[in-house]
Amino acid sequence: MNVKQLAAEKAVEYVQDGMKVGLGTGSTAYWAIRKLGERVSEGLKITAVATSQASEDQARELGIPLVNFSEVDSLDLTIDGADELDGSLQLIKGGGGALLREKIVAMGSTRMIVVADESKAVKTLGQFPLPVEIVPFAWEWTVADLIKLGCEAELRRSGDELYKTDNGNYIADCRFGAIDSAAELALSLQRIPGVVEHGLFIGIADMAVIGKTDGTIEIIEGDSNL
Ligand code: 5RP
């Protein structure tokens, strides 16, 4: 049973004719894009924007009509994965390095549906290191500022090189441990000048579709006890 596929395909049921759709990034979003491609080939009429080069390439290959940001001023629905989600639909995102584009697209959407397998659902965020996108200029100072917030921070690598996002920035993976107030931490991160964006998504997701290994699907809207 591919639980990521299970969740992703359920979420795609919420896509209707005429919608402008945001395409997420990662191995769960992959299945959503694949299903959307299938529905488009069967006649579904949508337009889409992608949150990464990888998702854009996949969508193009599947014949999903892509538009530029100059052609649309908002989206109806974004479907994207998450690295962690809690019962208030607060998320950690950015494991795939696309958090900045993902946040721009999700915040420009009327609705965001998170798709995930059950391992991503947690009581308290923070076991997954929080990805923070930072500019390369003076990254040493930015990382020092992140550490002052109480985490262990490490620049992400890709082989022997430092990992670069689609926007040419670095990612600092920050181990905070349990994050008691995601909102407070988000404010502190935003105050650091070298931080472009962080992977805390608070008050952005409207619904989570969670695939379980027993083959069932849990849908969360609003607060729930995970
Ligand atoms: C990419 C992301 C992904 O949505 C997140 O990493 C989840 O990925 P996956 O579905 O592969 O587990 O935030 O930046």
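Note: the structure precedes this text.
This is a predicted model, so every value here is computed, not measured.

A. View of the packing of aromatic side chains. Taken as a whole and assessed by the stated rule, the structure comprises one aromatic pair. Between K93 and the ring centre of F201, over which it is positioned, the NZ or CZ distance is 5.7 Å. A cation over a ring is seen here: R156 above Y163, with NZ or CZ 5.5 Å from the ring centre.

B. Main features of the sheet that holds strand β11 (residues 170-175). One open sheet accounts for four strands, arranged β8-β11-β7-β12; its pairing is antiparallel. For this open sheet the edge positions go to β8 (152-155) and β12 (195-198), each flanked by a neighbour on one side alone. The mean inter-strand angle of the sheet, taken between neighbouring strand axes irrespective of direction, is 30°. Of the strand pairs in this sheet, β8 and β11 are connected by four bridges, and their pairing is antiparallel. Paired with E152 across the strands is R175, a residue of β11. The strands that helix α4 (residues 99-107) touches are β7 (130-134), β11 and β12; relative to β12, the one it contacts most, it runs at about 65°.

C. Highlighting the nonpolar core. Within the largest apolar cluster, 25 residues are counted, with the highest numbers of intra-cluster contacts made by V15, L23, L36, I46, I64 and I79. Put simply, the parts of the chain that give this core at least two residues each are α1 (3-12), β1 (20-23), α2 (27-41), β2 (47-50), β3 (75-80), β6 (109-117) and β14 (207-211). Discounting residues that sit within four places of it in the chain, L36 has contacts with V12, V15, V21, L23, L44, I46 and I64. In this structure, C151, L155, Y170 and C174 belong to the second largest nonpolar core, which totals 23 residues.

D. Broad picture of the pairing of β3. Among the six residues in β3, five count as buried, and that is most of the element. Sheet analysis places β1 next to β3, joined by three bridges and oriented parallel. From the neighbouring strand, L23 faces β3, where its bridge partner is I79. Note: β3 against β6, five bridges, orientation parallel. Following the sheet pairing, I79 is matched in β6 by I113.

E. Structural view of the sheet that holds β1. Strand order in this open sheet of six strands is β2-β1-β3-β6-β14-β15, and the pairing throughout is mixed. This sheet does not close on itself; its edge strands, each paired only once, are β2 and β15 (217-221). When the angles between neighbouring strand axes are averaged without regard to direction, this sheet yields 20°. Sheet strands in contact with α2 are β1, β3 and β6, and its direction is about 145° off that of β1.

The rules behind these values
- Residues numbered from 1 in each chain as written.
- Predicted model: local features only at pLDDT ≥ 70, side-chain atom pairs only at ≥ 80, totals over all residues.
- Heavy atoms only, no water.
- Phe/Tyr/Trp six-rings, centres within 6.5 Å; stacked < 30°, edge-to-face > 60°.
- Lys NZ or Arg CZ within 6 Å of the ring centre and 35° of its normal.
- Pairing = 2+ DSSP bridges.
- Helix = DSSP H or I, 4+ residues; strand = E, 2+ residues; numbered from the N terminus.
- Axes fitted to C-alpha atoms, helices over the stretch in contact; angles between N-to-C directions.
- Contact = heavy atoms within 4.5 Å.
- Core = buried A, V, L, I, M, F, W, Y, C linked by side-chain atoms within 4.5 Å.
- Buried < 20%, exposed > 50% of the residue type's maximum accessible area, 1.4 Å probe, protein only.

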